[in-house]
Amino acid sequence: MIQPTQNQTTKNPLKSDTGTGFVIDYKKLLADTLRFWWLFVITISLSLFTVYMIHRYAQPVYRASLTLLVEERGSDKPQSNMMEGFGLSTAMRSIENQIAILTSWELMRMAVSELDFNLSYFKTGRVKSSELYGGVPFTVHYDSTAPQLINAHIFLSVIDEHRYRLNIEAESGGTYIYGLQRGGPSTGPIAFSEEFRFGEWVETPWLKIRIENDDLSNPEERAFYFQFNSPDALASTYKSRFSHGRSNDNSSIVRLFLTGHNNAKNITFLNKLAEVFIRNNLERKNQIATNTIQFIEEQLIIISDSLLVKGSELSEFRTEHQIQSVSAQAGIYFSRLENLAEQTSQMMLTKKYYEYLTRYFISDSLFQSTIAPASYPVDNGIITEHINTLMELNMERQAISANASQNISNPYLIDLNSNMEVARQTLLKALENQMALMDQELRRIEQERRETTAELYQFPEKERQLFGIERQFDLNNEVYTFLLRKRSEAQIQKASNTPDHSILEMARSAGQVSPTVNSNRQKALMIGLVIPFIFLLIRQLLNNKISNTEDIERITRLPVIGHIIHNIKEGENVVDLFPKSIITETFRRIRSRLEYMTGDKACPIIAISSSMPGEGKTFCALNLASVFAISGKKTLLVGFDMRKPGLNRVLNLHNQDGLSNYLIGKAKLKDIIQEASPGNLYVLPSGAIPPNPSELIGSPAAEKLFKELRANFDIILLDTPPMGVVADGYLLARYADSIIFLTRQGFTIKDVFAHTIKQMQDEGITNVGILINDIQVKKGLVGYNYGYGYGYGYGYYEE
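So, how was this worked out
Residues numbered from 1 in each chain as written. Predicted model: local features only at pLDDT ≥ 70, side-chain atom pairs only at ≥ 80, totals over all residues. Heavy atoms only, no water. Helix = DSSP H or I, 4+ residues; strand = E, 2+ residues; numbered from the N terminus. Buried < 20%, exposed > 50% of the residue type's maximum accessible area, 1.4 Å probe, protein only. Contact = heavy atoms within 4.5 Å. Areas by Shrake-Rupley, 256 points an atom, 1.4 Å probe, with all protein chains shown as cover. Core = buried A, V, L, I, M, F, W, Y, C linked by side-chain atoms within 4.5 Å. Pairing = 2+ DSSP bridges. pLDDT = per-residue confidence, 0-100. Axes fitted to C-alpha atoms, helices over the stretch in contact; angles between N-to-C directions. Salt bridge = Lys/Arg side-chain N within 4 Å of Asp/Glu carboxyl O.

1. Quick notes on the overall build of the chain
Counting its secondary structure elements, the chain contains 22 helices and 24 strands. Each of the 799 residues in the chain was classed as buried or not, and the buried ones make up 47%. In the chain, the share of contacts with a sequence separation of at least 24, taken over all contacts with a separation of at least 6, comes to 80%. In the form shown here, the chain has an accessible surface area of approximately 39,500 Å², with 51% of it arising from carbon and sulfur atoms.

What follows is the structure, encoded as structure tokens:
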């Protein structure tokens, strides 16, 4: 067993953790970056070229913006004044609800229906097509009552200024009847190509159009095409490209944004959407006023008929009986009866209004449209509050239910419908209770009227009859006057209604959204730098081969005793053939380190091993033995790799008896030791390949061999099998004073090296030095640089 030298007795030379892991070598990464600079040039060039192609052929996306002032009505308006502004719903309006209405699918659909977006025109190019809006050189007129093929490219090829050709190819398609606002019959595969004259109708089962030539003269093949669009699909498209924002939560100024390939259409759509939104707001307010006026006019017709009848009856009675007035006492009773009749009339009007509300709110289709009942002044805060609540819920439902078929499973919409139904039933129950109270009050008034009338029976019959007719006439006249005044107020209020919202800034272009030149160039430059860098990083992380000293130092604390550069010379024994070469000088430096490791031993034995085959053990062993021999020491190189004897191949000793023959007693030691060049170098070849090398190395004959060799030589070097493959090296370590453990740059696998080092630690093998073989020296790069020069006129150089 090897005994450690003084500098290794107090410290375990092996790391307890020999795992390799993923460790980034920044020095090597920098070296690779400089080495593969051309890779960065290629990726950056490709990235910038891709950006150029994108900007040349990609459809640009533009953005338009519009600023809208959305006024918020507070909820502190007097509930009793229901006529003012006819604002039952506006009292409950909030900014969020108005934005929800503004962004609803239904409002988008209304805006699309008022624009000329049913047809889209395109100009074809070699790579991309551009949409035209305004300044189109031809106009397509279509029959709104006939089915039109939608979402299909209809190509127009100009033949001359009077004729053109239509080309349509579609696997299948749908149709749309714009006049009826509904879809038409579906079509099968279409392959259509015919010539027509400008101005004549083109009629097919799925198309009926007429094309007018505005500025087409030059013959062009498939230069233009157009397509019909579904209004519902257009509304969904614009909704998906629509966005909004507010400067802060306390602001009612809303900015609307729309993106698309055609900026003119974006601006047109935003202006129309704002117009429809403001008009819709005014129509909601006017709808309540209109219903109120209609209710009052219905009551005026009834009262005017009664007033006409009672007026004629009063005139005829006075003429017939020559009576103009009644006595003062009768007047008191008549006034009382008139007051009771007025109360009855007011209550009957109120009751009729409640009956109207009951009929209005009991309809099952009520929630499918805007709730806007007629308004009549009633002194009942409960009914007013219930109506306001129901209208607010209806307004919120319309805001979020853009399309009933798409939102039928929306849990919030289901909950909102449930709340509206509860509010409606509560309102209907409140109306029922109020009408019951009014019936009770009417019965009380009727009883009081009967009692007063009974007292009037004491007056003369004619005066009593006259009083009754006058009382009914005056009551109808007062009610009629009251209704005329309220109708005038409603008409004035309707005429003075103004929208709650206004446009602060009309729609305008907000610039191009994509592709953006500067941003994309920066991204391309970044990608061009990052991709090769990531490639080099992954290349390093996935590299499981030892590359430099740092890789070894991350695995073990064993000292690195030297580096052998790549051999570019012919021949294996470089030390003997090229004694002044740089590689020979590296072996001399290693000899010095080995003399320090072996100390003052009389005949040290140095074993040369590695973790795997192919790492250059025989090459290093031969040249180390040669450099020791040159120094004047009687040196023996023993070929202990009896499984794959590389020494026999290098020195052409295949047919010579050797170590295996000695160990089995078939040869004498003096007969198998061969002299070699340079002088003082002797070689003990492996001999014939035995079936049991490990048993021979562990036999007493091997121990006897080492005793005889120590007595006859100054230094012994052992060319051993790789320790990471077979156990022979561990057996030979018992006889060795020092071990040179060989690694090869770019060849030795880190995990195998770490495992072998761990095994050596477990076996208790010490006094080990690591030798890195086959170093590739690259000029001009960060790495190993070897050069030896001395200031006394003597230098080593490559021969």
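2. Some remarks on the nonpolar core
Taken as a class, soluble globular proteins show a tendency for nonpolar side chains to be buried jointly. Core analysis: the largest hydrophobic core is formed by 79 residues, its most contacted members being Phe587, Leu594, Leu624, Val638, Phe640, Leu705 and Leu717. Tallying contributions element by element places helix H15 (residues 617-630) first for this core, with 9 residues. Counting residues in hydrophobic clusters, the runner-up holds 40 residues, among them Tyr354, Leu390, Met391 and Met438.

3. Comments concerning the pairing of strand S19 (residues 635-639)
Among the 5 residues of S19, 5 are classified as buried, and the element is accordingly described as predominantly covered. Covered by surrounding structure in S19 are Thr635, Leu637 and Gly639 together with Leu636 and Val638, the residues of both alternating faces. Bridge count for S19 against strand S21 (residues 681-684) is 4 bridges, and the pairing is parallel. Across the sheet, Thr635 pairs through a bridge with Leu681, a residue of S21. Pairing geometry for S19 and strand S22 (residues 715-719), over 5 bridges, is parallel. By the bridge assignment, Leu636 is partnered in S22 with Ile716.

4. Thoughts on the confidence of the model for the chain
Residues with a pLDDT of 70 or more make up 86% of the chain, whose mean pLDDT is 80. Segment residues 1-11: pLDDT under 50, and 21 contacts once partners within four positions in sequence are set aside and those in other chains are kept. Every residue in residues 779-799 is under pLDDT 50, and counting partners more than four places away or in other chains gives 37 contacts.

5. Some words on the environment of Ile159
When you line up the elements, Ile159 lands in the loop between strand S6 (154-158) and strand S7 (163-170). Overall, Ile159 belongs to the partly exposed group, its relative accessible area being 26%. Taking the C-alpha atoms as reference points, Ile159 and Phe196, separated by 37 residues in sequence, lie 9.6 Å from one another. Each residue touching Ile159, except ones within four places of it in the same chain, is listed here: Tyr164, Arg165, Glu195 and Pro219.

6. Some points on unusual backbone geometry
Cis geometry marks the peptide bond from Ser677 to Pro678, where omega comes out at 5°. The phi dihedral of Asn151 falls on the positive side, at around 60°, and the residue is not glycine. Of the residues examined, Asn151 reaches a relative accessible area of 53% and is grouped as exposed. The backbone phi angle of Asn680 is positive, close to 75°, even though this residue is not glycine. Structurally, the position occupied by Asn680 is in the loop between strand S20 (674-676) and S21.

7. Observations regarding the sheet that holds strand S16 (residues 501-514)
The antiparallel open sheet is built from 4 strands, whose spatial order is S14-S15-S1-S16. Lying at the two open borders of the sheet, with one neighbouring strand each, are strand S14 (242-246) and S16. Averaged over neighbouring strand pairs, the angle between their axes works out to 20° when direction is ignored. Both strand S1 (residues 61-70) and strand S15 (residues 253-260) contribute to a ladder of 8 bridges, which runs antiparallel. Among the inter-strand pairings, Leu66 is bridged to a residue of S15, identified as Leu256. Of the strands in this sheet, S1, S14, S15 and S16 touch helix H3 (residues 95-102), which is tilted by about 160° from S14.

8. Quick word on the pattern of salt bridges
A complete count under the given rule lists 29 salt bridges for this structure. Between Asp160 and Arg163 there is a salt bridge, with its nearest N and O atoms 3.1 Å apart. What makes Arg163 partly exposed here is its relative accessible area of 32%. Here Lys272 ties to Glu275 by a salt bridge, and the two come within 3.4 Å at their closest N and O atoms. On the criterion of helical spacing, the pair formed by Lys272 and Glu275 is a turn pair, its members being 3 residues apart in helix H6 (residues 263-321).

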